[in-house]
Amino acid sequence: METGEILGLFGRNGSGKSTLLKILFGNVKADTFSVALNDNALTVSEVIKKQHIAYLPQHPFLPKSMKVRDVIIMFHPNEKEQDAVFYDPHIATMTHKKTGELSLGELKYFEVVLLSQLPHPFIMLDEPFSMLEPLHKEKLKSILKKIKKTKGIIITDHYYHDVLEIATKNIIIKDGIALTVNNVKDLQAFKYLSR
């Protein structure tokens, strides 16, 4: 994985996409593991200790009883990073709410924007487009294209058109093997999509 890349990760349910992200983040142990970030081979402990990777899990992870503004401050002690989240036009309208009061789409959008401003050079997003309104999907794609200048990004999502639109490289996991994907026809050929 390289800074400046957006890697689209595809695969049918149960193919191991989320598990792979959890292994890379250090939540799940693998029998064997190797990772290279910007051509530097790293051990699992180096990836975790040096906080190279930020991870958005598939399911909400923020405390439901905390207000959005307090979550922003907790995640971002740096004022510049806080401002990047606070001044997002959509998030600015919900800073007074508790995260448990947000719709699933609002919460997902907030989580992605929150993580995108972390200093980690790599970010993994498990279903970032799930539950988002079309307008917020477009805004999120714009944010991801912007931050890829300084980060490497892995995205897995069943909204394949959104992923294909912004990804610089795509792979599909089929029978435990990663195969290169270039377009919708490739996804059909690997039986991820019907013809």
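Scoring rules and cut-offs
Residues numbered from 1 in each chain as written. Predicted model: local features only at pLDDT ≥ 70, side-chain atom pairs only at ≥ 80, totals over all residues. Heavy atoms only, no water. Salt bridge = Lys/Arg side-chain N within 4 Å of Asp/Glu carboxyl O. Helix = DSSP H or I, 4+ residues; strand = E, 2+ residues; numbered from the N terminus. Buried < 20%, exposed > 50% of the residue type's maximum accessible area, 1.4 Å probe, protein only. Expected span 1.5 Å × (residues − 1). Arc of directions from axis to C-beta. Contact = heavy atoms within 4.5 Å.

**Student:** With reference to specific residues and values, describe the pattern of salt bridges.
**Tutor:** Applying the stated criterion across every chain, the model contains four salt bridges. A salt bridge links Lys-137 to Asp-162; its shortest N-O distance comes to 3.2 Å. Of this pair, Lys-137 sits in helix H7 (residues 134-147) while Asp-162 sits in helix H8 (residues 160-166), and the two are 25 residues apart along the sequence. The same class applies to Lys-137 as to Asp-162, namely buried. Linking Glu-165 and Lys-141 is a salt bridge whose minimum nitrogen-to-oxygen distance equals 2.9 Å. Highlighted residues: Glu-165 in helix H8 and Lys-141 in helix H7, separated in sequence by 24 residues. Take Glu-165: its relative accessible area is 45%, and that puts it in the partly exposed class. Of the residues examined, Lys-141 reaches a relative accessible area of 2% and is grouped as buried.

**Student:** Quick one: what's the story with H7, residue by residue and with numbers?
**Tutor:** Compared with the 20 Å implied by 1.5 Å per residue over 14 residues, the 20 Å span of H7 between its first and last C-alpha is a close match. Taken together, the buried positions of H7 are occupied by His-136, Lys-137, Leu-140, Lys-141, Ile-143, Leu-144 and Ile-147. Buried positions in H7, seen along its axis, are confined to an arc of 160° and lie on one side of it. Of the exposed residues in H7, those oriented more than 90 degrees away from the buried face are Pro-134, Leu-135 and Lys-146. Of the surrounding secondary structure, the elements contacted by the buried residues of H7 are strand S1 (6-10), helix H5 (89-92), helix H6 (104-116), strand S5 (122-126), strand S6 (152-156) and H8.

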